Amino acid sequence: MNFNFKILTLFLFILLSLHHIKSDVVRLNDDNFDNHIKDGVWLVKFYAPWCKYCREIVATYVNLAEVVQDNWNIGEVDCIENEFTCDEKANNMVNSYPTIILFKDGKYIRMFPFERTVEKMIEFVEKNVPDVPKTEYIPSTPPDENENENEIEEVIIEDSQVIVLTDESFEETTKEGAWFIEFYAPWCNHCKSLTPVWEELAHVSSEKDINIAKVDITKNTVLKERFKVVSMPSIILYIDGGVIIYTGTRKLDNFVEFIDYELKHYEEKSKDTSVEKEKRVSVLHIGNFDDQIKDQDYFVMFYAPWCKYSKLAKPHIERVAKKTPFNIGKVDCTVEGQLKHRFDITRYPQMFLFKKDGTFTPYYGTKEYKPIKQYLRENIVQEVSEEIEPEIII
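For the structure given in this document, a descriptive report is provided here. (Residues numbered from 1 in each chain as written. Predicted model: local features only at pLDDT ≥ 70, side-chain atom pairs only at ≥ 80, totals over all residues. Heavy atoms only, no water.)

1. Focus on the pattern of salt bridges
Should the charged atoms of two oppositely charged side chains come close, the side chains can pair.
1) Next: Under the criterion given, the structure shown has 14 salt bridges.
2) Next: Note that aspartate 131 is salt-bridged to lysine 104, the shortest N-O span being 3.5 Å. With a gap of 27 residues between them, aspartate 131 in the loop between α6 (118–128) and β6 (163–164) and lysine 104 in strand β4 (residues 99–104) connect regions that are remote in the sequence.
3) Next: Judged by its relative accessible area of 28%, lysine 104 is partly exposed.
4) Next: What emerges from the salt-bridge pattern is a single network uniting Arg27, Lys45 and Glu76. (Salt bridge = Lys/Arg side-chain N within 4 Å of Asp/Glu carboxyl O. Helix = DSSP H or I, 4+ residues; strand = E, 2+ residues; numbered from the N terminus. Buried < 20%, exposed > 50% of the residue type's maximum accessible area, 1.4 Å probe, protein only.)

2. As for the sheet that holds strand β11 (residues 276–278)
1) Next: Spatially, six strands are ordered β11-β12-β14-β13-β15-β16 in an open sheet, and the strand pairing comes out mixed. Of all strands in the sheet, those with a lone pairing partner are β11 and β16 (360–363), marking the two edges. The mean inter-strand angle of the sheet, taken between neighbouring strand axes irrespective of direction, is 30°.
2) Next: Relative to β16, helix α14 (residues 369–379) is tilted by about 155°, and along the sheet it contacts β13 (298–303), β14 (328–332), β15 (350–354) and β16. (Pairing = 2+ DSSP bridges. Axes fitted to C-alpha atoms, helices over the stretch in contact; angles between N-to-C directions. Contact = heavy atoms within 4.5 Å.)

3. Let's talk about the nonpolar core
1) Next: Phe180, Trp198, Ile212, Phe255, Phe289, Phe302 and Phe354 are the most contacted members of the largest nonpolar core, which totals 37 residues.
2) Next: Within the residue set of this core, elements represented by two or more residues are β7 (178–184), α8 (189–204), β9 (234–239), α10 (252–271), α11 (289–293), β13 and β15.
3) Next: When sequence neighbours within four positions are dropped, the list of residues in contact with isoleucine 212 reads Gln161, Val162, Ile163, Phe180, Trp198, Leu201, Ala202, Ser205 and Ile259.
4) Next: Formed by 21 residues, the second largest nonpolar core is a distinct cluster that contains Ile57, Leu64, Trp72 and Phe124. (Core = buried A, V, L, I, M, F, W, Y, C linked by side-chain atoms within 4.5 Å.)

4. Considerations on the packing of α8 against α10
1) Next: Where α8 contacts α10, the axes come no closer than 10 Å and their chain directions differ by 45°. When the interaxial angle is binned, α8 and α10 end up oblique. The two elements α8 and α10 cross, and the hand of that crossing is right-handed. Only Leu252, Phe255, Val256 and Ile259 of α10 make contact with α8, whose side of the interface consists of Leu194, Val197, Trp198, Glu200, Leu201 and Val204.
2) Next: Counted by class, the contact of α8 with α10 contains nine nonpolar, no polar and one charged residues. (Parallel < 35°, antiparallel > 145°, perpendicular 65-115°, else oblique. Left-handed = near helix turned anticlockwise from the far one by under 90°. Nonpolar A, V, L, I, M, F, W, Y, C, P; charged D, E, K, R; others polar.)

5. A look at α10
1) Next: The first and last C-alpha atoms of α10 sit 29 Å apart over 20 residues, in line with the 28 Å expected at 1.5 Å per residue.
2) Next: Taken residue by residue, α10 has Leu252, Phe255, Phe258, Ile259, Glu262, Leu263 and Tyr266 as its buried positions. End-on view of α10: buried residues confined to an arc of 125°, all on one side of the axis. Among the exposed residues of α10, those pointing more than 90 degrees away from its buried face are Asp253, Glu257, Tyr261, Lys264 and Lys271.
3) Next: Buried residues belonging to α10 abut β7, α8, β8 (211–216), β9, β10 (242–245) and α13 (337–342). (Expected span 1.5 Å × (residues − 1). Arc of directions from axis to C-beta.)

6. Examining the packing of helix α4 (residues 58–68) against α6
1) Next: Following both chains from N to C, one finds α4 and α6 inclined at 50°, their axes separated by 9 Å at the closest point. With respect to each other, α4 and α6 are oriented oblique. In this structure, α4 crosses over α6, and the sense of that crossing is right-handed. Between α4 and α6, the residues in contact are Thr60, Tyr61, Asn63, Leu64, Val67 and Val68 and Val118, Met121 and Ile122, respectively.
2) Next: Broken down by class, the residue content of the contact of α4 with α6 amounts to seven nonpolar, two polar and no charged.

7. A closer look at the pairing of strand β3 (residues 73–78)
1) Next: Buried residues dominate β3, accounting for six of its six residues.
2) Next: The alternating pattern of β3 places Asn73, Gly75 and Val77 and Ile74, Glu76 and Asp78 on opposite faces, both of which are buried.
3) Next: Of the strand pairs in this sheet, strand β1 (residues 26–28) and β3 are connected by three bridges, and their pairing is parallel. Paired with valine 26 across the bridge in β3 is glycine 75.
4) Next: Inspection of the sheet shows strand β2 (residues 41–47) paired to β3 by six bridges, in the parallel sense.

8. What to know about the packing of aromatic side chains
1) Next: One pass over the full model with this rule turns up 33 aromatic pairs.
2) Next: On the numbers, 5.4 Å between centres and 40° between planes, the contact of phenylalanine 183 with phenylalanine 227 is tilted. Residue phenylalanine 183 is located in strand β7, and its partner phenylalanine 227 is located in the loop between α9 (221–226) and β9; the two are separated by 44 residues in the primary sequence. Take phenylalanine 183 and phenylalanine 227: they sit in the same class, and that class is buried.
3) Next: Summarising the aromatic geometry, the rings of phenylalanine 289 and phenylalanine 302 are spaced 6.4 Å apart at their centres and angled 50° between planes, so their arrangement reads as tilted. Of this pair, phenylalanine 289 sits in helix α11 while phenylalanine 302 sits in strand β13, placing them 13 residues apart in sequence.
4) Next: A relative accessible area of 0% places phenylalanine 289 in the buried class.
5) Next: Overall, the relative accessible area of 0% leaves phenylalanine 302 in the buried class.
6) Next: The rings of Phe289, Phe302, Phe343, Phe352, Phe354 and Phe360 are connected pair by pair, giving a single aromatic cluster. (Phe/Tyr/Trp six-rings, centres within 6.5 Å; stacked < 30°, edge-to-face > 60°.)

Keep in mind that these numbers describe shape and distance, not what the molecule does.
Next comes the structure, spelled out in structure tokens:
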């Protein structure tokens with residue numbers, strides 16, 4: 001262990017010893033919601049994993065939990081996985097994502113209607129629950145030239161093992177392997193506090209199949225826009241073009257646990273090349289997608305189960321699969337983040353024709369049986385390899 005690392009370890013120990021705070025955002029679900037919020041003050045975020053506005057406030061919400069500590073409780077509900085809670089427990093207020101609601105002793109108080117900043121959310125809770133313990137908060141914003149009073153001194157690390165990524169180097173550097181990336185700004189106090197933890201993470205991860213990296217968003221605006229970074233620090237796991245947003249606490253053990261779990265899950269899923277079919281539509285995922293489309297033409301719908309337009313398109317896709325010889329597949333973007341990100345899926349449903357020569361073309365036609373069938377007949381030359389149910393003209 002060299003001298004620099006000893007200093008780093010000592011600094012990290014002191015930092016963590018001085019910050020024994022309750023900073024977890026509590027994951028609420030259909031099973032534990034009532035039991036958790038029945039006591040005390042709770043600010044609960046109802047969200048969907050696909051929602052870009054929800055992703056934009058991830059870091060803000062984690063910051064809120066760290067600042068509030070034990071004064072009151074911070075929770076979140078994934079409405080895709082917990083429809084009952086979002087439909088029945090939120091006073092019929094969850095009509096868009098994210099929706100943030102204040103509860104006290106299990107009772108609905110009010111929906112948060114303001115700009116989603118740490119400062120505004122603290123003000124909102126303290127105004128609506130006057131007896132709640134007061135929280136001191138100093139916003140971490142770009143400093144004015146003459147305002148350095150509350151600035152945390154930047155920690156300079158020699159011989160850093162954290163990889164610096166830029167707009168120019170990102171694609172080539174990250175094309176292989178798994179990457180745990182912090183998006184930061186030099187003026188951000190929360191980012192400065194994270195520095196020794198991030199360096200320690202890079203050290204303990206040196207023998208793992210993970211690269212620890214960072215991006216200065218003040219110098220790399222292309223990456224800032226690409227990953228929709230609006231608060232700092234924002235942290236993602238980046239694998240094969242796919243993104244998993246980190247929403248946990250900024251502690252070494254939590255980082256390691258998250259990385260180990262996600263890499264194991266990804267490896268298991270990637271090895272699963274089996275193809276299940278639902279009403280003759282192939283269920284495609286990260287493990288079987290490339291194998292399925294590499295030697296045959298495939299028409300694929302990227303969808304979200306909650307989306308009403310996806311629900312409307314579903315029977316038409318199933319009918320095409322049932323009554324034509326074409327390969328029809330579907331990708332659930334709420335669970336297949338890598339594929340969603342790879343093909344830049346921003347709305348649902350989106351449909352593509354993947355050709356066996358490696359090219360693919362988006363389908364812009366009407367998402368109904370007859371137009372899709374006609375489109376495939378015009379764009380695919382394919383022999384019938386199985387008996388197809390006779391067409392019923394209606």
